[in-house]
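# Examination of the molecular architecture
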2 protein chains.
Amino acid sequence: MSERVAVETPVLKKNDEYAAGNREWFASLGIAVINIMSAPGAGKTTLLEKTLPMLAGRYSCAVIEGDLQTDLDAERIRRVGVRAHQINTTCCHLDARMVQGAAATFLESPPEVLFIENIGNLVCPASYDLGESVKVTLFSVVEGADKPKKYPKMFRMSDCVVLNKTDLLPYSGVELDELLSNVRDVSPEAAVFTVSARTGEGLAEWVEWLAARVEKVRGR
Amino acid sequence: MSERVAVETPVLKKNDEYAAGNREWFASLGIAVINIMSAPGAGKTTLLEKTLPMLAGRYSCAVIEGDLQTDLDAERIRRVGVRAHQINTTCCHLDARMVQGAAATFLESPPEVLFIENIGNLVCPASYDLGESVKVTLFSVVEGADKPKKYPKMFRMSDCVVLNKTDLLPYSGVELDELLSNVRDVSPEAAVFTVSARTGEGLAEWVEWLAARVEKVRGR
């Protein structure tokens, strides 16, 4: 462990400097930046595919997609009519410098809301500030009720926790009450939504919360 | 990226040295070591809870549990009558030195088979050799058919891929044929099993394959 701590500290410090720069830059352009983090397969892209059309007409949006390989997710976003930039990285998280480079590709016509779909990883992205306005943890309920206690950092630092795949709950053996209680214990301040991105259940409440946060960030 | 690559290389090199030491040490003691890796909530502990009783009477087993926080998983393993040592780490993966320290706690009566349940993370553990004999990737089918293409490294390096939660397939919208095809494309050499650790479906085939590998490793 000691080598890792010793080498990661300057990397994180450098990242924080880039993130602070991003934050000023996004504020000067009036861009609300939403960082969506989750384990692999929790449904980040599906949530975006459903959320983006619900915001259409209210805000111009763009999406930065992070993946180890493939541009499958950026293609899915473009199919709902929204600009997307794919980052492929060998890294286990996005960092502020990657986001700066990707955001710059949208500058000819800056979006009002910029979503960042982070690498599917419930651990590392929690350590890397991207200069975002809002941090969202998405969690698939079938991952199990105990996970907020076992991976507390990402839940704790999030402004919002979206519990997805509620359509699978009846078949999963997972108790929603136990999961909700564990989320509240770890992250008492976060807004919590239970949704099924696939069926659309619960999405209206999530989108209203998000729009209110976007208004606040953009100072209206 | 450049800082990260520059600092990780010596860490990985040091880890490889520890891993080589572990490998010799485990061989000298006749211990077959099985490293089980997956995203959070794919069912590693449940797979172990079901697998361990099926190996009882054939091999003495022990388990190293890796988690960011809690010792919930070690407690679950002990409840099926198997020795377990919990590692709690701020790190996003287990490394060879952590495993060496944890394995040493079993040395009064060395197990014949030592399972390592890695941190729930489909990215970082793939880069850290632990000195194990067999690498297993466990994957929850509801994470989606595209994931082997998006997180190829862990699948590619595994001796075995266990596709879990098949009981949820009918409700998930995931096509098993597409998932199997993507696993084969990324990892053509791996043994592949489809199981439901919860219902027990498919576990006998997985356990037979595992026992055969244990025999081979232990030179019988």
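Check the entry above for the structure.
To keep things clear, this report deals only with the structure shown in the data block. (Residues numbered from 1 in each chain as written. Chains lettered and ligands numbered in written order. Predicted model: local features only at pLDDT ≥ 70, side-chain atom pairs only at ≥ 80, totals over all residues. Heavy atoms only, no water.)

Moving on, we come to the overall build of chain A. Counting its regular elements, chain A contains 9 helices and 7 strands. Taken over C-alpha atoms, the radius of gyration comes to 17 Å for chain A, in line with the 17 Å a tight globule of 220 residues would show. Expressed as lengths along the three principal axes of its C-alpha atoms, the size of chain A is roughly 50 × 45 × 35 Å. In chain A, which comprises 220 residues, the proportion classed as buried is 58%. For chain A, restricting intrachain contacts to residue pairs at least 6 apart in sequence, the fraction spanning at least 24 positions comes to 73%. Working note: accessible area of chain A is about 8,400 Å², and carbon and sulfur atoms make up 51% of it. Between the mean site of the 25 positive side-chain charges and the mean site of the 30 negative ones, chain A shows a separation of 2 Å. (Helix = DSSP H or I, 4+ residues; strand = E, 2+ residues; numbered from the N terminus. Rg over C-alpha atoms; globule rule 2.2 N^0.38 Å. Buried < 20%, exposed > 50% of the residue type's maximum accessible area, 1.4 Å probe, protein only. Contact = heavy atoms within 4.5 Å. Areas by Shrake-Rupley, 256 points an atom, 1.4 Å probe, with all protein chains shown as cover. Lys, Arg positive; Asp, Glu negative; His and termini not counted. Charge placed at Lys NZ, Arg CZ, Asp CG, Glu CD.)

A word on the side chain of Asn164(B). All names here are of chain B. By the secondary structure assignment, Asn164 is in strand E6 (residues 160-164). Residue Asn164 is classed as buried on the basis of its relative accessible area of 3%. Within polar-contact distance, the side chain of Asn164 engages the backbone nitrogen of Ala197 at 2.9 Å. If near-sequence neighbours (up to four positions away) are discounted, Asn164 is found in contact with Ala42, Gly43, Leu138, Phe139, Ser140, Val141, Val195, Ser196 and Ala197. (Polar contact = N/O pair within 3.5 Å; in protein donor to acceptor, adjacent residues only side chain to side chain.)

All names here are of chain B. Within strand E1 (residues 32-37), 6 of the 6 residues are buried, which leaves the element mostly enclosed by the surrounding structure. Along E1, one buried face is formed by Ala32, Ile34 and Ile36 and the opposite face, lined by Val33, Asn35 and Met37, is buried too. Bridge count between E1 and strand E4 (residues 113-117): 5 bridges; the pairing is parallel. Looking at E4, one finds that Ile34 is bridged to Phe115. Note that E1 and strand E5 (residues 134-140) share 4 bridges and pair parallel. Following the sheet pairing, Asn35 is matched in E5 by Lys135. (Pairing = 2+ DSSP bridges.)

A few words now on the interface of chain A and chain B. Chain A puts 48 residues into the contact, and the matching count from chain B is 48 residues. Summing both partners gives a buried area of about 3,900 Å² for chain A against chain B, and 58% of it is carried by carbon and sulfur. On inspection of chain A and its partner chain B, the count reaches 4 salt bridges. Among the ionic pairs, Lys150(A) bridges to Asp67(B), the shortest N-O distance being 3.7 Å. (Buried area = accessible area lost by both parts, 1.4 Å probe. Salt bridge = Lys/Arg side-chain N within 4 Å of Asp/Glu carboxyl O.)

This part covers the packing of helix H2 (residues 44-55) of chain B against helix H9 (residues 203-217) of chain B. Residues and elements named next belong to chain B. Packing of H2 against H9 brings their axes to within 10 Å, and their N-to-C directions diverge by 65 degrees. Considering only the axes of H2 and H9, their crossing is right-handed. Facing Leu47, Lys50, Thr51, Met54 and Leu55 of H2, the residues of H9 in contact are Leu203, Ala204, Trp206, Val207 and Leu210. Grouping the constituent residues of the contact of H2 with H9 by class yields 8 nonpolar, 1 polar and 1 charged. (Axes fitted to C-alpha atoms, helices over the stretch in contact; angles between N-to-C directions. Left-handed = near helix turned anticlockwise from the far one by under 90°. Nonpolar A, V, L, I, M, F, W, Y, C, P; charged D, E, K, R; others polar.)

Right, let's talk about helix H4 (residues 96-104) of chain A for a bit. Residue and element names in this part refer to chain A. Within H4, the full set of buried residues consists of Ala96, Met98, Val99, Ala102 and Ala103. In an axial view of H4, the angular spread of the buried residues amounts to 155 degrees, which keeps them on one side of the axis. If you check the start of H4, you find a side-chain oxygen 3.1 Å away from the backbone N of Arg97, and it comes from Asp95. (Arc of directions from axis to C-beta.)

So, on to the environment of Val192(B). Residues and elements named next belong to chain B. Residue position: Val192 is located in strand E7 (residues 191-194). Counting along the chain gives 55 residues from Val192 to Thr137, while the straight-line C-alpha distance between them is 9.6 Å. If sequence neighbours within four positions are ignored, Val192 has contacts with Val161, Leu163, Leu180, Val183 and Arg184.

Turning next to the pattern of salt bridges. For the structure shown, the criterion picks out 24 salt bridges over all chains. In this structure, Arg198(B) and Asp167(B) form a salt bridge, with 3.0 Å as the shortest nitrogen-oxygen distance. Here the residue Arg198(B) occupies a position in the loop between E7 and H9, and Asp167(B) occupies one in the loop between E6 and helix H7 (169-172), the gap between them amounting to 31 residues. In this structure Arg198(B) comes out as partly exposed when scored by relative accessible area, which is 43%. Each member of the salt-bridge network shares a partner with another, and the members are Asp67(A), Asp73(A), Asp146(B), Lys147(B) and Lys150(B).

This part is about the pairing of strand E5 (residues 134-140) of chain A. Residue and element names in this part refer to chain A. Counting buried positions along E5 gives 7 out of 7 residues, so the element sits mostly inside the fold. Alternating residues of E5 divide into Val134, Val136, Leu138 and Ser140 and Lys135, Thr137 and Phe139, and every residue in both groups is buried. Where E5 and strand E6 (residues 160-164) come together, 5 bridges link them in parallel fashion. Each residue of the ladder has a partner; that of Phe139, found in E6, is Leu163.

Attention now moves to the environment of Ala42(A). Residue and element names in this part refer to chain A. For Ala42, the location among the structural elements is in the loop between strand E1 (32-37) and helix H2 (44-55). Each C-alpha atom of the pair Ala42 and Gly120 lies 8.2 Å from the other, and the pair is 78 residues apart in sequence. Beyond its immediate stretch of four places on either side in the chain, Ala42 contacts Leu138, Phe139, Ser140, Glu143, Asn164 and Lys165.

What follows is about the relation of the copies chain A and chain B. The two copies are related by a screw operation: chain A maps onto chain B through 180 degrees of rotation and 0.0 Å of translation along the axis, at an RMSD of 0.0 Å. Expressed as an axis order, the relation between the two copies is that of a two-fold axis. A share of 100% of the interface residues of chain A reappears at the interface of chain B, consistent with the copies meeting face to face through the same patch. (Least-squares fit on C-alpha atoms with pLDDT ≥ 70 in both.)

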